[in-house]
Amino acid sequence: MNRNILGRRGLFALSLAAGIGLWEIAGRNAGAAFMAPFSETLVRLWQLAAGGQLIVQFLDSAFLFLSGFVIAFCIGAPLGLLLARVRVLRVGLEPYIMVLYATPMVALIPFILSIMGFGFGPKVLVVVLFAVFPILYNTTEGARSIKPELVEVARSFRASEWALWRDVMVPYTLPFIMTGVRQA
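Summary of the structure given here.

**Description of the overall build of the protein chain**
And step 1. The helix and strand inventory of the protein chain stands at eight helices and zero strands.
And step 2. Overall, the protein chain shows an N-to-C arrangement of helices and strands of α-α-α-α-α-α-α-α.
And step 3. Taken against the 2.2 N^0.38 rule, which gives 16 Å for 184 residues, the C-alpha radius of gyration of the protein chain at 24 Å runs more than 25% over that of a compact globule.
And step 4. Summarising its shape, the C-alpha atoms of the protein chain cover approximately 70 × 55 × 30 Å along the three principal directions.
And step 5. The buried share of the protein chain, taken over its 184 residues, is 27%.
And step 6. Expressed as a percentage of contacts within the protein chain between residues at least 6 apart in sequence, the contacts between residues at least 24 apart total 67%.
And step 7. On the protein chain, roughly 12700 Å² of surface is accessible, and the fraction owed to carbon and sulfur atoms is 71%.
And step 8. Seen as two clouds, the 15 positive and the 9 negative side-chain charges of the protein chain have centres 5 Å apart.

In structure tokens:
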């Protein structure tokens, strides 16, 4: 057992060293605008960390990601529940949602940034576009998969629409929502 683990760790270390070596060689032979060598990357990483810029940039990126993700969740989960419950809305919006979902978001990034600039808002929009569709799609499918018997039982106990959402739809759909969040 120990020999097998040591063999795997040795193979991992060897492949890591080979990758670093290839990175260094490729960086030395490529133009500076194309690729930096591994050694220069480590030097610059140390400079950023020592100067305190690394943590600032990390926190800026984390705030940007969190902002976009929260907005995507606040749009995707309620809209997914609404689309599953209101058939007219689903029929009207589903073609547009599917077209946007099928569009490669990577192709939209240059378009969005060229129109809106490189500020905080356009970057958040890019995060929202990447995250909202998996949440929306999984929530819609989860809410549509609710067994009709559950809705009938809730209705037989004179549950209001709000009570139906609160006590049946949201708890039943929560695993699907979390799957969408994980995919996003």
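**Regarding helix α2 (residues 38–51)**
And step 1. An ideal rise of 1.5 Å per residue puts 20 Å on 14 residues; α2 measures up with 20 Å between its terminal C-alpha atoms.
And step 2. Backbone geometry just downstream of α2 places Gly-52 in the positive-phi region, at approximately 85 degrees.

**Focus on the nonpolar core**
And step 1. In terms of nonpolar packing, the biggest core is built from 16 residues, with Ala-72, Ile-97, Val-128, Leu-129, Val-132, Phe-133 and Leu-136 touching the most fellow members.
And step 2. Elements represented by at least two residues in this core include exactly α3 (53–85), α5 (105–116) and α6 (120–144).
And step 3. In terms of residue count, the dominant contributor to this core is α6 (nine residues).
And step 4. Excluding residues within four positions of it along the chain, Ile-97 makes contact with Leu-83, Phe-133 and Leu-136.

**A look at the packing of α3 against helix α8 (residues 161–183)**
And step 1. At their nearest, the axes of α3 and α8 sit 10 Å apart, and the two run at 125 degrees to each other. Between α3 and α8, the crossing angle belongs to the class labelled oblique. In this structure, α3 crosses over α8, and the sense of that crossing is right-handed. Contacts between α3 and α8 pair Phe-69, Phe-73, Ala-77, Leu-81, Leu-82 and Arg-85 from the former with Glu-161, Leu-164, Trp-165, Met-169, Val-170, Thr-173, Ile-177, Met-178 and Val-181 from the latter.

**Considerations on the pattern of salt bridges**
And step 1. One pass over the full model with this rule turns up six salt bridges.
And step 2. Between Arg-28 and Glu-40 there is a salt bridge, with its nearest N and O atoms 3.5 Å apart. A residue pair is termed long-range when its members are at least 10 positions apart, and Arg-28 in helix α1 (residues 2–29) and Glu-40 in helix α2 qualify at 12 residues.
And step 3. In this structure Glu-40 comes out as partly exposed when scored by relative accessible area, which is 44%.
And step 4. Here Arg-144 and Glu-141 are joined by a salt bridge, their closest N and O atoms 4.0 Å apart. With Arg-144 and Glu-141 both in helix α6 and three residues apart, this pair spans about one turn of that helix.
And step 5. With a relative accessible area of 41%, Arg-144 lands in the partly exposed category.
And step 6. By relative accessible area, Glu-141 is classed as partly exposed at 31%.
And step 7. Sharing partners across several salt bridges, the network here consists of Glu-24, Arg-28 and Glu-40.

Scoring rules and cut-offs
- Residues numbered from 1 in each chain as written.
- Predicted model: local features only at pLDDT ≥ 70, side-chain atom pairs only at ≥ 80, totals over all residues.
- Heavy atoms only, no water.
- Helix = DSSP H or I, 4+ residues; strand = E, 2+ residues; numbered from the N terminus.
- Rg over C-alpha atoms; globule rule 2.2 N^0.38 Å.
- Buried < 20%, exposed > 50% of the residue type's maximum accessible area, 1.4 Å probe, protein only.
- Contact = heavy atoms within 4.5 Å.
- Areas by Shrake-Rupley, 256 points an atom, 1.4 Å probe, with all protein chains shown as cover.
- Lys, Arg positive; Asp, Glu negative; His and termini not counted.
- Charge placed at Lys NZ, Arg CZ, Asp CG, Glu CD.
- Expected span 1.5 Å × (residues − 1).
- Core = buried A, V, L, I, M, F, W, Y, C linked by side-chain atoms within 4.5 Å.
- Axes fitted to C-alpha atoms, helices over the stretch in contact; angles between N-to-C directions.
- Parallel < 35°, antiparallel > 145°, perpendicular 65-115°, else oblique.
- Left-handed = near helix turned anticlockwise from the far one by under 90°.
- Salt bridge = Lys/Arg side-chain N within 4 Å of Asp/Glu carboxyl O.

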